[in-house]
Amino acid sequence: MALNFNSLLEDMVTAARESLGEHWQGIKDVATSSFKSLAQHLVDIENMKAKGTITEEKACLLIGMQKDAIKIAIATEKGLSLLAAEAALNAAVDVVRSAVNRAIGFAIL
Amino acid sequence: MILYKRLVISIGLLIITGCHVMLIGAYDEVTDQSIQKIQNDLLSLIIKIEKDITDKNNQLNNYENYKADYTAIEGQLQSLIIRCNALPKYNTVVDQLRPFDSTIQKLEKFHKLGFQLSDTGSIRVIRETIEFDFKQMIILQNGLKRKSGKE
């Protein structure tokens, strides 16, 4: 049966949403964009295979590239999450530092 | 209880010493520029292959004509991975570079199998996938740049 882009995309999004739970909202946009790209390429590869314009060996290489792309996208999301968490933590530390200095009356910290 | 005490002491020390938390490495201009250089070289290679297929000059796409280009790009990428492995808290950037290295290896294998005139669809998928990869890497580099206040 031929791959359908919309079904494939929906399956990927559903699987990721169920797997990530509350963390899904934070990465939804980038993840969905990545899945759209992956789904379209998988449909394209399948079409090429069906038409005989690509061998199985070449199709496997192209699919492997899609898997690599997802790993890269996941690393991007992880990096952006770390940046956001770092900024939040440092903002909190700065607030506490300011409060301590104000309470004491001079900049001990 | 012990863990809680350690956490409180750690946060206290951070506040006292004026240190900031670092969960991910600082922006590194050499890394950013290296990614841009690899992007230019690799996309030039792919576009040349595409044009030769479109112009029906496919005999020019013989892998042997590109072997030196692949070696140069892979050399640049390996040097970059070595650099990023040495930078503090740069493992997330390395987590991008390693699968990207895998993609270039796959492209090279595909090229060794030979590009046919019927491979217009394949080369388009390859180009779009690699453009996607570079976009992801640039997104993270821009995030690191914003952190450093250099954007």
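Residues numbered from 1 in each chain as written. Chains lettered and ligands numbered in written order. Predicted model: local features only at pLDDT ≥ 70, side-chain atom pairs only at ≥ 80, totals over all residues. Heavy atoms only, no water.

### Topic: the side chain of Asp101(B)
All names here are of chain B.
So, step 1. With respect to the helices, strands and loops of the structure, Asp-101 is situated in helix 4 (residues 91-113).
So, step 2. Notably, Asp-101 is buried but unbridged: the nearest opposite-charge side chain belongs to Arg-98, and the N-O separation is 6.2 Å.
So, step 3. For Asp-101, the residues in contact, after removing those within four places along its chain, are Leu-77, Gln-78 and Ile-81. (Helix = DSSP H or I, 4+ residues; strand = E, 2+ residues; numbered from the N terminus. Buried < 20%, exposed > 50% of the residue type's maximum accessible area, 1.4 Å probe, protein only. Lys, Arg positive; Asp, Glu negative; His and termini not counted. Salt bridge = Lys/Arg side-chain N within 4 Å of Asp/Glu carboxyl O. Contact = heavy atoms within 4.5 Å.)

### A closer look at the interface of chain A and chain B
So, step 1. Taken together, the contact between chain A and chain B spans 36 residues of the former and 43 residues of the latter.
So, step 2. Here chain A and chain B share an interface that buries about 3,500 Å² over both sides, 69% of which is from carbon and sulfur atoms.
So, step 3. Counting the surface chain A buries against chain B, the share from its top three residues, Lys58(A), Met65(A) and Ile72(A), is 19%.
So, step 4. Inspection of the chain A/chain B interface yields 5 salt bridges.
So, step 5. Its salt-bridge partner being Arg124(B), residue Asp44(A) comes within 3.1 Å of it at the nearest N-O pair.
So, step 6. Across the chain A-chain B interface, the total number found is 15 residue pairs in polar contact (both at pLDDT 80 or more).
So, step 7. Among the secondary structure elements, those contributing two or more residues to the side of chain A that touches chain B are helix 2 (24-51) and helix 3 (56-104) of chain A.
So, step 8. Ranked by residue count, the leading element in the side of chain A that touches chain B is helix 3 of chain A, at 27 residues.
So, step 9. In terms of residue class, the side of chain A that touches chain B is built from 18 nonpolar, 9 polar and 9 charged. (Buried area = accessible area lost by both parts, 1.4 Å probe. Polar contact = N/O pair within 3.5 Å; in protein donor to acceptor, adjacent residues only side chain to side chain. Nonpolar A, V, L, I, M, F, W, Y, C, P; charged D, E, K, R; others polar.)

### Points about helix 5 (residues 120-148) of chain B
So, step 1. Across its 29 residues, helix 5 of chain B extends 42 Å between first and last C-alpha, which sits within 8% of the 42 Å expected from 1.5 Å per residue.
So, step 2. Gly149(B) occupies a position one or two residues after helix 5 of chain B and carries a positive phi of about 75°. (Expected span 1.5 Å × (residues − 1).)

### A look at empty space enclosed by the protein
So, step 1. One pass over the structure, following the stated rule, counts 1 cavity of 30 Å³ or more.
So, step 2. Considering only enclosed or pocket space, the largest cavity measures out at about 40 Å³ in volume.
So, step 3. Lining the largest cavity, in full, are Ser34(A), Ser37(A), Leu38(A), His41(A), Gln66(A), Ala69(A), Ile70(A), Thr129(B) and Phe132(B).
So, step 4. Of all elements in the fold, only helix 2 and helix 3 of chain A together with helix 5 of chain B reach the threshold of two or more residues within the lining of the largest cavity.
So, step 5. Residue contributions to the lining of the largest cavity peak at 4 residues, all from helix 2 of chain A.
So, step 6. Of the residues belonging to the lining of the largest cavity, the class tally is 4 nonpolar, 5 polar and no charged. (1 Å grid on protein atoms, 1.4 Å probe; cavity = no way out; pocket = protein on both sides within 12 Å on 5 of 7 lines; lining within 4 Å. Points joined across faces, edges and corners; volume = space filled by probe spheres on them.)

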